[in-house]
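What the coordinates show
Listed here are the chains, written in short residue letters.
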Amino acid sequence: MTVIVGPKTKPPEAIKDASMARQKQMVNAHYDRLASAKERGEKVAATFVPGNLNELLMCFDMVNNLPEVNAIQNGLRRQSGGYVMEAEKLGHSEDVCTYVKSDIGMMAKGNIGPNGKPLPDPDVLLLSYTGCFTFMKWFELLRRQYKCETIMFQTPYLADGRITKDMISYMVKQLRQDVIPKLERISGVKFDIDRLREYLRKSAKAEDDHVWVLQSAKHKPSPIDAYFGGIYYIGPIFGAFRGTDDAIEYYKFLRSEVEQRIAQGKGPVTPDGDMGQERYRLVVEGPPNYTNFRQFWKMFYDEGAVVVASSYTKVGGTYDYGFRHDPDRPLESLAEYCLNVYTNRNLPMRVDMLENYINEYEADGLLINSIKSCNSFSAGQLLMMREVEKRTGKPAAFIETDLVDPRYFSAANVKNRLESYFQMIEQKRAGFRGAA
Amino acid sequence: MLDRPHHTTADIIARCEALFSDLSFTAAREWKAAEPGRIVVGFLPYYAPRELVHAAGGLPLGIFGGGDQLEVIHGDAYYQSYICRIPRSTIELGVSGRLDFVDGMMFPSICDVIRNLSGMWKLMFPSKGARYIDLPHNFDDDLGGEFYVSELRETCEWLSSLTGKPITSDAIRASIAVFNDNRRLVRALYQLRADEPWNVPSAELYLLLRAGMVIPVEEHNQMLADYLAAVRLQQRPIKDNSRVVICGMFCEQPPLNLIKSIELSGCYIVDDDFILVTRWENSDVALDGDPLQSLARAYLHDSKSTPPKYEPDEAKKGLYLVDSVRKNRAEGVIFAMTSFCDPGLLERPMLQAVLKSHGIPQIAFKYAENSGQMQPIREQAGTFADSIKLWSGA
């Protein structure tokens, strides 16, 4: 007879450092602000993380709602599986992006936000289209639901690996002639470019500390995990806080925390406390899995694997490559920001970036987490893996999971692959030592 | 004696079938070899400015995947499980040397997979040119139009780098004129099929369009004219079929058997989104003024609505399908979307809702270019045709 044994005890509460707790407060406060926006007469803009124009929206006193972040929050809270199935019941294909289905399913179930309060209907959908076709269709779908205006702000794709004058000109003209006038009309607030400059100045300040934190992973041991921990570090800068004093304070605080860890020779904080000995330094390409986030992370830190750089933490901007929002060129700067987000960069640029990370961060290899329903990230990753391996001589591995659909996370398979990968790294090292 | 055309439809379709089955692209190779300095530029299945390739003295070559004839051996090693078939077989065509004579490739902005394929091409075939054709989703002449003109200008520069010669405005105008002829002939073909679907089987129409992807446009124009002349002289038996519009085949191509199966199951296809590049523009492209601006204006204001294109006006969303149903006197819509096709599958619920609000019957299934099992599709399409006959107007 087969006996199914359930978990004996609830998993222990995740250990969080002070910056994580602080960020949690910020996120909660933002969701509370969103939930009560209409009561205060504030307008709500839904927009996407990559290429979001938070500073511009703030110029119109609009509150920023990010559907991907809602899907992530629902993934982390194990709500997304039900929402995805709900959307499929409504006729959405099993093949498409699970962020979209989680969002649609959430709407169908009353649009309750992570704070347990209903999310307000947006007054405008700002479609910052950085080359992801799913975004375009997602907002067409939401438009049907909310019957509100959708502003298309198109970012040309960096197919040839460079930003041209024509690209900037197209984007700045869209801002001047289309995006800003529409936001003025919808919000009833007159655009003030000096206000935008001030927000951009604040963004740049936070961005400096954000980059410092990400680059702290060059230390050995790395004081941070730039993928699992990185998810927390990108929250304020990629979301609703860029351009605010809160973001400046958060990154200053985070930086001091990381400085302290470096001084103490500590590795990253994990949900189970300080990580043990650093055995493997990895670069990771692709988004994480959110429905089994803690279990996934544990597979790494149990083995002493720390992620020293990741591409996912660049989806909302490639600040470590030198970009900063520039108050002296406000609209051009917004355009450059959108053009530079990671998935708007062509595959050769992405390969160069991963190769550089492996070299600069002295990583042992590249791990790709290929997301079932995200073609923007995933199509072409096997070639990227081969290229990076060829150029760096470091081993690479490939796993497949999904963003927020628990049906596509097979813990045993992922663990097996990771264990084999760590063995491969050991063998490479042994070979290197033998040859020396 | 009757004034007979030079060819019968059977002759013409036999030639089309030979071109369709030839995954070595012999006709295009022979065309290139016939004169020194000729170039061949491949493009993926969506809107690509073929006129510019033609104006550069080149042959635009449609690369429409490998269909069900190509065994994908290498291509699968480049893609994980949940990616559609067409990039795999396109890589297979490249890796197996079948595209070794192609001087450059154009990747129109269809979806994230094809977008990333453009970068893969750069990495895998660095000596071949690869050009991503970014398409505007803003339809103001001053915004998206200006951007698209700059994209077209850069495409001209890229083509010039392949030939070593500049492309003149006159050459582009002349090419637009030849392609206008082609568009007119294709429109006539579509009109004839809508009027007499029993006389223009959709598999024949499809093969005719595919042939146009691998031979010079002038030759294709002659072929279309010959077919139109020949088909008007014949009368095939009329069946009691239901008239349907097919939607979803704008990129990855259906196996020929799938098209035949739908018709065999009791449906006449009276409109579709096969090989959209041949009738992307609804009317002729203007021949006066700056030809790049004419192409851009045609794109912005006179082109087909498809899932990869943004629809700025919510009120117009999906109406193109309703219009097609009405104009072609169709009785229902069959959504045949490619597996793992993000734009198509995300669009489908919106289109279905619009059709529902107009009381238009519909069914949906998915396919891949190498789908082999036609029985379920035949049963589904057959049941749909029967239900239309039984219940429409009830």
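Refer to the structure printed above.
Described in the following lines is the structure provided in the data block. (Residues numbered from 1 in each chain as written. Chains lettered and ligands numbered in written order. Predicted model: local features only at pLDDT ≥ 70, side-chain atom pairs only at ≥ 80, totals over all residues. Heavy atoms only, no water.)

1. What to know about the overall build of chain B
Stated precisely, the cut-off is as follows: Helix and strand definitions follow DSSP, with helices as H or I runs of at least four residues and strands as E runs of at least two, each counted in order from the N terminus. Where accessible areas are quoted, they stem from the Shrake-Rupley method and a 1.4 Å probe; at the residue level, only the protein chains shown are allowed to cover. The sign given to each residue is positive for Lys and Arg and negative for Asp and Glu; His and the chain ends receive no count. Positions of charges follow a simple convention, taking NZ of Lys, CZ of Arg, CG of Asp or CD of Glu.
Helix and strand counts for chain B stand at 14 helices and 8 strands. Along the longest, intermediate and shortest principal axes, the C-alpha atoms of chain B span 65 × 55 × 45 Å. Of the roughly 14,100 Å² of accessible surface on chain B, a fraction of 52% belongs to carbon and sulfur atoms. Charge-centre separation for chain B: the mean point of 40 positive side chains lies 2 Å from the mean point of 51 negative side chains.

2. What about the overall build of chain A?
The criterion, for reference: Burial classification: accessible surface area is computed with a 1.4 Å probe over protein chains only, and a residue below 20% of its type maximum counts as buried, one above 50% as exposed, and the rest as partly exposed. Two residues qualify as a contact provided that any one of their heavy atoms is within 4.5 Å of a heavy atom in the partner residue.
For chain A, the count of helices and strands is 16 helices and 10 strands. Structurally, chain A occupies a C-alpha span of about 70 × 60 × 40 Å along its principal axes. Looking at chain A residue by residue over its 436 residues, the buried ones come to 64%. Considering only contacts in chain A between residues 6 or more positions apart, those separated by 24 or more positions represent 77%. Accessible surface, chain A as shown: approximately 16,000 Å² in total, 50% of it carbon and sulfur. Between the mean site of the 58 positive side-chain charges and the mean site of the 56 negative ones, chain A shows a separation of 2 Å.

3. A closer look at the packing of helix α6 (residues 133-146) of chain A against helix α13 (residues 342-357) of chain B
To be explicit about the condition: Between N-to-C directions, angles cover 0 to 180 degrees, with each direction set by a line fitted to C-alpha atoms, over the stretch in contact for helices. Any angle between 65 and 115 degrees counts as roughly perpendicular, while under 35 counts as roughly parallel, over 145 as roughly antiparallel, and the rest as oblique. Should the near helix be turned anticlockwise from the far one by less than a right angle, the crossing is termed left-handed; should it be turned clockwise, right-handed. The nonpolar class holds Ala, Val, Leu, Ile, Met, Phe, Trp, Tyr, Cys and Pro. Asp, Glu, Lys and Arg form the charged class, and all remaining residues, Gly among them, are polar.
As a packed pair, α6(A) and α13(B) sit with axes 9 Å apart at the nearest point and diverge in direction by 15°. With respect to α13(B), the axis of α6(A) lies roughly parallel. For the pair α6(A) and α13(B), the crossing hand works out as left-handed. Across the interface between the two elements, A:Phe133, A:Thr134, A:Lys137, A:Glu140, A:Leu141 and A:Arg144 from α6(A) touch B:Asp342, B:Pro343, B:Leu346, B:Glu347, B:Met350, B:Ala353 and B:Val354 from α13(B). Of the residues assigned to the contact of α6(A) with α13(B), the class counts are 7 nonpolar, 1 polar and 5 charged.

4. Let's talk about the pattern of salt bridges
As a reminder, the rule being used: Salt bridge, as used here, is a side-chain nitrogen of Lys or Arg placed within 4 Å of a carboxyl oxygen of Asp or Glu.
Under the criterion given, the structure shown has 71 salt bridges over all chains. One salt bridge in this structure joins A:Asp160 and B:Lys122, with 2.8 Å as the shortest N-O distance. In this pair, A:Asp160 sits in the loop between β4 (149-154) and α7 (165-187) while B:Lys122 sits in helix α5 (residues 112-124), so the two residues belong to two different chains. Its relative accessible area of 24% is what places B:Lys122 among the partly exposed residues. Note that A:Arg261 is salt-bridged to A:Asp274, the shortest N-O span being 2.7 Å. With A:Arg261 in helix α10 (residues 245-263) and A:Asp274 in strand β6 (residues 273-274), the pair connects residues that are 13 residues apart, well separated along the chain. In this structure A:Asp274 comes out as partly exposed when scored by relative accessible area, which is 43%. Linked through salt bridges whose partners overlap, the residues forming this network are A:Asp160, B:Lys122, B:Arg131, B:Glu151 and B:Glu154.

5. Quick look at the interface of chain A and chain B
Under the convention used in this document: Accessible-area loss on putting two parts together, using a 1.4 Å probe and summing over both, is the definition of buried area adopted here. N or O atoms within 3.5 Å of each other form a polar contact, as long as, within protein, one can give a hydrogen and the other can take it, and as long as residues adjacent in sequence are counted only when both atoms are side-chain atoms.
Taken together, the contact pairs 61 residues of chain A with 57 residues of chain B. Taken over both partners, the interface formed by chain A and chain B buries close to 5,000 Å², and the fraction arising from carbon and sulfur atoms is 55%. Note that A:Arg143 is salt-bridged to B:Glu314, the shortest N-O span being 3.1 Å. The interface formed by chain A and chain B includes 29 residue pairs in polar contact (both at pLDDT 80 or more). Those elements that provide at least two residues to the side of chain A that touches chain B are β3 (124-129), α6, β4, α7, α13 (347-360), α14 (375-378), α15 (381-392) and β10 (396-401) of chain A. Within the side of chain A that touches chain B, the residues separate by chemical class into 23 nonpolar, 20 polar and 18 charged.

6. Some details on the sheet that holds strand β3 (residues 104-108) of chain B
Residue and element names in this part refer to chain B. Condition: Pairs of strands are assigned from DSSP output, requiring at least two bridges between the strands.
Taken in spatial order, the 4 strands of this open sheet run β2-β1-β3-β4, and their pairing is parallel. Because the sheet does not close on itself, it has two edges, and the strands there are β2 (58-62) and β4 (129-133). Taking the axes of each pair of neighbouring strands and ignoring which way they run, one obtains an average angle of 25° across the sheet. With 5 bridges joining them, β3 and β4 adopt parallel strand pairing.

7. Overview of the packing of aromatic side chains
So the rule is basically this: Between rings of Phe, Tyr and Trp, where Trp is taken as its six-membered ring, a pair exists when centres lie within 6.5 Å; planes separated by under 30 degrees are stacked, by over 60 edge-to-face, and by other angles tilted. Whether a charge lies above a ring is judged from NZ of Lys or CZ of Arg, which has to be within 6 Å of the ring centre and within 35 degrees of the ring normal.
Within this structure, the stated rule accounts for 43 aromatic pairs over all chains. Here the aromatic rings of A:Tyr421 and A:Phe422 are separated by 6.2 Å at their centres, their planes lie at 35°, and the arrangement is tilted. Considered together, A:Tyr421 and A:Phe422 belong to a single accessibility category, that of buried residues. The ring of A:Tyr321 carries the charged tip of A:Arg345 above its face, separated from the ring centre by 5.4 Å. For the cation-ring pair, A:Arg386 lies above B:Tyr78, with the distance from its terminal atom to the ring centre recorded as 4.1 Å.

8. Concerning the pairing of β4(A)
Stated formally: Handedness is read with the strands pointing away from the viewer; a crossover is right-handed when the path from the first strand over the helix to the second is clockwise.
For β4(A), a buried count of 5 out of 6 residues is recorded, marking the element as mostly surrounded by other parts of the structure. Crossover connection from β3(A) via α6(A) to parallel β4(A): handedness right-handed.

9. Thoughts on the sheet that holds strand β8 (residues 362-367) of chain B
Residues and elements named next belong to chain B. Taken together, the 4 strands give an open sheet; going across it, the order is β6-β5-β7-β8, and neighbouring strands pair in parallel fashion. The open sheet terminates on both sides in strands that have one partner only, identified here as β6 (267-271) and β8. Neighbour to neighbour, the strand axes of the sheet diverge by 35° on average, direction disregarded. One ladder, built from 4 bridges, connects strand β5 (residues 242-247) with strand β7 (residues 332-338); its direction is parallel. Bridging across to β7, Val 244 finds its partner in Gly 332. Running over the sheet, helix α14 (residues 375-391) touches β5, β6, β7 and β8 and is turned about 170° from β8.

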